[in-house]
Amino acid sequence: MAIPTTDEIRSRAAAALAACGADLDALTARQPGPAGSLPLRSPIDGGTFGQLPADSPDDIDATLDAAQQAFLAWRRVPAPERGQLVARWGRLLAEHKADLATLVTIEAGKTPSEAAGEVQEMIDICEFALGQSRQLYGRTMPSERPGHRLMETWHPLGVVGVISAFNFPVAVYSWNTALALVCGNAVVWKPSEKTLLSSLAADALLARAAREVGAPEGLNSVIAAGADGGRLLVDDPRVALLSATGSVRMGRAVGPRVAERFGKVLLELGGNNAAVVAPSADLELALRGVVFAAAGTAGQRCTTLRRLIVHKDISAELTDRIVAAYGTLGIGAPEQKGVLVGPLIDENSHQAMQNALKAAVEQGGEVLCGGSRVLADEAPDAWYVEPAVVRMPGQTEIVREETFAPILYVVEYEDLDEAIALNNEVPQGLSSAIFTSDLAEAERFIEGSDCGITNVNIGTSGAEIGGAFGGEKETGGGRESGSDAWRAYMRRATNTVNYSGELPLAQGVEFL
Ligand code: UN1
């Protein structure tokens, strides 16, 4: 099976979209307004298979108004009833898992298994959010005054803006949306302009669920726009919380601007994740964990493994085995049999990879394998690469940067403290891992890693939705998905209720 043609890709996308309730021909036949149009492109062949009219600032304003109105009604619906909306959405996602996965494959270039896994994350978070809808717990505290009750209650925020990235075009949005909705908010979503159809499909299924359970119209919507559209969400006071996933550069621009208007932000930015492999590690297990985390999704996860910190006594053996395993990875159109590594998203991404490899060599690195472009004849507009492994003399400047492509830098260590220091010695703090059979080493690593995610004997990527997802330092500090991440989507009120018939003041203050 060769690279599919642009026409084949368009007709598959149209069928998958139609099954989810949106009509590609009708969407692309609309006349573009003042904001022009956005290309629909697949990284599989690199071809553009349509143009979608972009939303203008006036359209976005109207969307925010509708969301605000919907919020005012939705906030009054009891939370367990709001849970029924995400329960229905989850069932529709399960029914249309293959359709949505097809769109993710077409637009993000993921293998069918990884694309289905992404939709599974959506189904999982819907189940989680349904349960959460009965658990928006507040505490009660003993009051120091007689006949008084001191407690906290949690309330919806308003409109939640979600800005999401191409690499997880629907899952990360769904973590935010499922929780935001059960917490009583409306959601306005600005997806990556690279993955618009996946977004429209996910939103169409949610809109259907909303109609079926009688939720207010305008509760969920998608904005088709570039960065300009995102900026409108950033600056609009109607957006009570802005949850943004993307680069550190984007976060640096967005965070202070939202803070300026005292809005809330939830940032999930870059990762530069490391795995330590200790001498006691089960090397076969470490090998599989490392290769999936480093080369899977063509290195385009926030949680991708980018730095391997390996003990010097096992470094040669492990790197040899990784290089051998890389040699067996099928690279190509993601739906082809045996393919595990699909395309990079675009030419810029390929250029960034080449620049990083060049810098690594200049900084003393030795490319052990990979880095070359493949399939350029069959797909001149697509960007397929061999995942690279580069031995580095230390964590030079390039190793401290996140390059969103499959490059695994290898550095050696001698003792665990040094390995932990290397793990922490980068500006980002998303995910980390150690492979070891030594319990004390595992615990010392959990204690020592400064990341939001610290794993033992699994790689850095592929987190389950039940835990809180996010990281420290330049990763932005936000937590999404499981555990108590729901609190970010609500505001807390402290309530003192006086049923004593007297008015004793706190701290024994006397007045009047
Ligand atoms: C991301 O890359 O933005 O842990 C999210 C993982 C996925 C989510 C990654 N569950 O790899």
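Residues numbered from 1 in each chain as written. Predicted model: local features only at pLDDT ≥ 70, side-chain atom pairs only at ≥ 80, totals over all residues. Heavy atoms only, no water.

Asker: I'd love a proper account of the sheet that holds strand 4 (residues 148–156), names of residues and values included.
Answerer: Sheet architecture is open: three strands sit in the order 3-4-25, paired in antiparallel fashion. Where the open sheet ends on each side, the last strands, each with one partner, are strand 3 (140–141) and strand 25 (490–498). As defined by bridge partners, strand 3 adjoins strand 4 across two bridges and the pair is classed as antiparallel. What sits directly across from Met141, in strand 4, is Leu150. (Pairing = 2+ DSSP bridges. Helix = DSSP H or I, 4+ residues; strand = E, 2+ residues; numbered from the N terminus.)

Asker: Can you break down the packing of helix 7 (residues 171–182) against helix 8 (residues 196–213) residue by residue, with the values?
Answerer: Packing of helix 7 against helix 8 leaves a shortest axis separation of 12 Å and a crossing angle of 20 degrees. The angle between helix 7 and helix 8 places the two elements in the roughly parallel class. Here helix 7 runs over helix 8; the crossing is right-handed. For the pair helix 7 and helix 8, contact is made by Tyr173, Thr177 and Leu181 and by Ala202, Asp203 and Leu206, respectively. Broken down by class, the residue content of the contact of helix 7 with helix 8 amounts to four nonpolar, one polar and one charged. (Axes fitted to C-alpha atoms, helices over the stretch in contact; angles between N-to-C directions. Parallel < 35°, antiparallel > 145°, perpendicular 65-115°, else oblique. Left-handed = near helix turned anticlockwise from the far one by under 90°. Contact = heavy atoms within 4.5 Å. Nonpolar A, V, L, I, M, F, W, Y, C, P; charged D, E, K, R; others polar.)

Asker: Account for the site of the ligand, naming residues and giving values.
Answerer: Around the ligand, the neighbouring residues are Glu121, Asn167, Phe168, Trp175, Glu268, Arg301, Cys302, Thr303, Ser461, Gly462, Ala463 and Phe469. For the ligand, an oxygen atom lies 2.8 Å from a polar atom in the backbone of Gly462. Contact with the protein chains hides 100% of the accessible area of the ligand, taken as 320 Å² for the molecule alone. Here the shell around the ligand is built from residues that sort into five nonpolar, four polar and three charged. (Near = heavy atom within 4 Å. Polar contact = N/O pair within 3.5 Å; in protein donor to acceptor, adjacent residues only side chain to side chain. Areas by Shrake-Rupley, 256 points an atom, 1.4 Å probe, with all protein chains shown as cover.)

Asker: Just give me the short version of the sheet that holds strand 5 (residues 159–163), but keep the residues and values in it.
Answerer: Through backbone hydrogen bonds, the strands of a sheet pair up, either in parallel or in antiparallel fashion. Taken in spatial order, the five strands of this open sheet run 7-6-5-8-9, and their pairing is parallel. The strands lining the two open edges of the sheet, one partner per strand, are strand 7 (220–222) and strand 9 (264–268). The mean inter-strand angle of the sheet, taken between neighbouring strand axes irrespective of direction, is 15 degrees. In the packing of helix 3 (residues 57–74) onto the sheet, contacts are made with strand 5, strand 6 (186–190), strand 7 and strand 8 (239–245), and the angle to strand 6 comes to roughly 155 degrees.

Asker: Could you give me a rundown of the packing of helix 5 (residues 97–108) against helix 8, with the residues and numbers involved?
Answerer: Where helix 5 contacts helix 8, the two axes come as close as 8 Å, and the packing angle between them is 160 degrees. Relative to helix 8, helix 5 is oriented roughly antiparallel. Remark: the crossing between helix 5 and helix 8 carries left-handed chirality. Residue-level contacts link Leu100, Leu103, Val104 and Glu107 of helix 5 to Leu196, Leu197, Ser198, Ala201 and Ala202 of helix 8. Grouping the amino acids of the contact of helix 5 with helix 8 by side-chain chemistry returns seven nonpolar, one polar and one charged.

Asker: Account for empty space enclosed by the protein, naming residues and giving values.
Answerer: Scanning the model with the defined rule gives three cavities of 30 Å³ or more in all. When its volume is computed, the largest cavity comes out at roughly 160 Å³. Looking at the largest cavity, it is lined by 15 residues, and the ones nearest its centre are Phe168, Val172, Trp175, Thr303 and Phe469. Volume-wise, the second largest cavity comes out at about 80 Å³. For the lining of the second largest cavity, a count of residues per class yields five nonpolar, six polar and two charged. (1 Å grid on protein atoms, 1.4 Å probe; cavity = no way out; pocket = protein on both sides within 12 Å on 5 of 7 lines; lining within 4 Å. Points joined across faces, edges and corners; volume = space filled by probe spheres on them.)

Asker: Break down a negative patch on the surface for me, with residues and values.
Answerer: Negative charge collects at one region of the surface, where Glu412, Glu414, Asp415 and Glu418 lie side by side. Judged by relative accessible area, which is 42%, Asp415 ranks as partly exposed. (Patch = residues over 30% accessible without salt bridge, like charges linked within 9 Å, V, L, I, M, F, W, Y side chains within 5 Å. Salt bridge = Lys/Arg side-chain N within 4 Å of Asp/Glu carboxyl O. Lys, Arg positive; Asp, Glu negative; His and termini not counted. Charge placed at Lys NZ, Arg CZ, Asp CG, Glu CD. Buried < 20%, exposed > 50% of the residue type's maximum accessible area, 1.4 Å probe, protein only.)

Asker: Break down the pattern of salt bridges for me, citing the residues and quoting the values.
Answerer: Scanning all chains against the criterion turns up 26 salt bridges. Note that Lys110 is salt-bridged to Glu118, the shortest N-O span being 2.7 Å. For the pair formed by Lys110 and Glu118, the shared burial category is buried. In this structure, Lys473 and Asp450 form a salt bridge, with 2.6 Å as the shortest nitrogen-oxygen distance. One end of the pair, Lys473, is in strand 23 (residues 472–473); the other, Asp450, is in the loop between helix 15 (439–448) and strand 21 (453–456), with 23 residues separating them in the sequence. Given the relative accessible area of 38%, Lys473 is considered partly exposed. Exposure remark for Asp450: the relative accessible area of 23% places this residue in the partly exposed category. Several salt bridges share partner residues, and in doing so they unite Asp61, Asp65, Asp236 and Arg238 into one network.

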